[in-house]
Amino acid sequence: MREIVYIIKEHQNGKSVKQILKGAYGYSSRTLTRLRKDPLGLRCNGSHIRTIDPVHTGDRLQVRLPEEQNTYRRSLITVPVLYEDDDLMVYNKPVNMPSHTAYAHHQDTLANVFAAHCDQLGLQLKFRIVNRLDKDTTGCVLVAKNQYAASALTGRLQKVYLAIVEGALTPPTGTVEAPILREQEILTKRIVHPHGQYARTDYGTLGRGPGCSLVRCQLPTGRTHQIRVHMSYLGHPLLGDSQYGGTLRSIARPALHCRTLRFLHPVSGQYLTVQAPIPGDMQGIIDQMTELTGDHY
């Protein structure tokens, strides 16, 4: 059980619990509904309080977020943890690991790893992933430990990816704005199509090597396979990404890594920056590059 305490500030005096939690701290309507139904969900100075009740300067508004049953099978796989506190954690997801269970993946996913981790903590927590990565994409994955953290963080992450693409991008820095559509309903492959969802990728070249470039990508939007689709659309597919036209000569999976996450912590109010080390298969290619721009990657 996670309890968060808010000390009511002078400018919040007289406002309702709902106004404060939803307006100032980003609680979703769904979370507030669950708290309202729990007799111990909301308290003020130790006594039960309703969402419509006002609070006053100096009051201690106590929010109790209940534990939730985790039904995933437990995994014995160990995944490095880059950051963890009472509300969230960031994993460094390895290659060949799905985020959620699926056909042929019942006990080797990040969800299974998280379930085992919760057992070690003595907690029952639902698996709430905030930024999902493809099975073969490595790097930072943020998992929220409660419903409030999940709703407060969704859509508010700044994500920086590293990709190694074929050839040299022209111009070396730019923006791709091209809508993305699922090619067929039964397939995962996406294409650029005028009827697709709006998608934007900002990129910058960080280095060049024999027949390839290291590219830094930021995503104002988050469509499935977005970087892979956009780089292929430009004529520079990711190394190892055979689904979108990339060669397998130097790496056996799409050369894509979620390098950095930046976000405002929903409880502490502090900005956090979490960075994942570059995996060995990509680092080996980067080490052969002779035109790197410095330590910016």
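Residues numbered from 1 in each chain as written. Predicted model: local features only at pLDDT ≥ 70, side-chain atom pairs only at ≥ 80, totals over all residues. Heavy atoms only, no water.

Novice: If you had to explain the sheet that holds strand β3 (residues 47-48) to someone new, which residues and values would you point to?
Specialist: Pairing is antiparallel across the open sheet formed by 4 strands, whose spatial order is β1-β4-β2-β3. On the outer flanks of this sheet lie β1 (2-7) and β3, each paired with one strand and no other. Seen against the sheet, helix α1 (residues 17-24) touches β1, β2 (42-44) and β4 (60-65) and runs at an angle of roughly 65 degrees to β4. (Pairing = 2+ DSSP bridges. Helix = DSSP H or I, 4+ residues; strand = E, 2+ residues; numbered from the N terminus. Contact = heavy atoms within 4.5 Å. Axes fitted to C-alpha atoms, helices over the stretch in contact; angles between N-to-C directions.)

Novice: Could you give me a rundown of the nonpolar core, with the residues and numbers involved?
Specialist: Generally speaking, nonpolar side chains in soluble globular proteins are found buried as a group. Counting residues in hydrophobic clusters, the biggest one holds 45 residues, and the most contacted among them are L142, I227 and F263. For L142, the residues in contact, after removing those within four places along its chain, are L88, M89, V90, R128, I129, V130, N131, L153, L157, L261 and F263. Formed by 19 residues, the second largest nonpolar core is a distinct cluster that contains Y27, L32, L65 and Y148. (Core = buried A, V, L, I, M, F, W, Y, C linked by side-chain atoms within 4.5 Å. Buried < 20%, exposed > 50% of the residue type's maximum accessible area, 1.4 Å probe, protein only.)

Novice: Quick rundown of helix α3 (residues 110-121)? Include the residues and the values.
Specialist: Over its 12 residues, α3 runs 16 Å from end to end, which matches the ideal 16 Å to within 8%, given 1.5 Å per residue. α3 sits mainly inside the fold: 9 of its 12 residues count as buried. For α3, every residue scored as buried is listed here: L110, A111, N112, V113, F114, A115, A116, H117 and C118. Immediately downstream of α3, the backbone of G122 shows phi near 75 degrees, a positive value. (Expected span 1.5 Å × (residues − 1).)

Novice: Explain empty space enclosed by the protein to me, using residue names and the numbers behind them.
Specialist: Under the criterion given, the structure shown has 1 cavity of 30 Å³ or more. Taken as a whole, the largest cavity encloses approximately 80 Å³ of empty space. The dominant element in the lining of the largest cavity, judged by the number of residues it contributes, is helix α2 (residues 29-37), at 3 residues. The residue makeup of the lining of the largest cavity, split by class, is 3 nonpolar, 3 polar and 2 charged. (1 Å grid on protein atoms, 1.4 Å probe; cavity = no way out; pocket = protein on both sides within 12 Å on 5 of 7 lines; lining within 4 Å. Points joined across faces, edges and corners; volume = space filled by probe spheres on them. Nonpolar A, V, L, I, M, F, W, Y, C, P; charged D, E, K, R; others polar.)

Novice: A description of the environment of D108 should follow, citing residues and the corresponding values.
Specialist: In this fold, D108 is placed in the loop between β6 (88-93) and α3. Residue classification places D108 among the partly exposed residues on the basis of a relative accessible area of 26%. It is 9.4 Å that separates the C-alpha atoms of D108 and N96, two residues lying 12 residues apart in sequence.

Novice: Could you give an account of unusual backbone geometry, naming the residues involved and the relevant values?
Specialist: In the segment running from T170 into P171, the intervening peptide bond is cis, with an omega of 0 degrees. Tracing the sequence through the fold places P171 in the loop between β9 (158-166) and β10 (173-177). Non-glycine residue N96 carries a positive phi angle of around 65 degrees. Topologically, N96 is positioned in the loop between β6 and α3.

Novice: So what's going on with the packing of aromatic side chains? Residues and values would help.
Specialist: Tallying each qualifying case throughout the model produces 5 aromatic pairs. Relative to Y148, the ring of Y27 lies with its centre 3.7 Å away and its plane at 10 degrees, an arrangement referred to as stacked. In this pair, Y27 is assigned in the loop between α1 and α2 and Y148 in helix α4 (residues 147-153), connecting sequence segments 121 residues apart. Overall, Y148 belongs to the buried group, its relative accessible area being 0%. An angle of 85 degrees between the planes, with centres 6.2 Å apart, marks the rings of Y72 and F127 as edge-to-face. Of the two residues, Y72 sits in the loop between β4 and β5 (81-84) while F127 sits in the loop between α3 and β7 (128-129), which places them 55 residues apart along the sequence. Judged by its relative accessible area of 7%, F127 falls in the buried class. Members of the aromatic cluster, each reached through a chain of ring pairs, are Y6, Y25, Y27 and Y148. (Phe/Tyr/Trp six-rings, centres within 6.5 Å; stacked < 30°, edge-to-face > 60°.)

Novice: Can you break down the side chain of T31 residue by residue, with the values?
Specialist: If you trace the backbone, T31 turns up in helix α2. What makes T31 buried here is its relative accessible area of 2%. Discounting residues that sit within four places of it in the chain, T31 has contacts with L65, Q147, Y148 and S151.

Novice: Just give me the short version of the pairing of strand β16 (residues 271-275), but keep the residues and values in it.
Specialist: Only one face of β16 is covered, namely the face carrying L272 and V274; the face carrying Y271, T273 and Q275 is uncovered. Here strand β15 (residues 256-264) pairs with β16 via 5 bridges, running antiparallel. Opposite T260, over in β16, you have Q275 as the bridge partner. Between the end of β15 and the start of β16, which pair antiparallel, lie 6 residues, with G269 showing a positive phi angle near 75 degrees.

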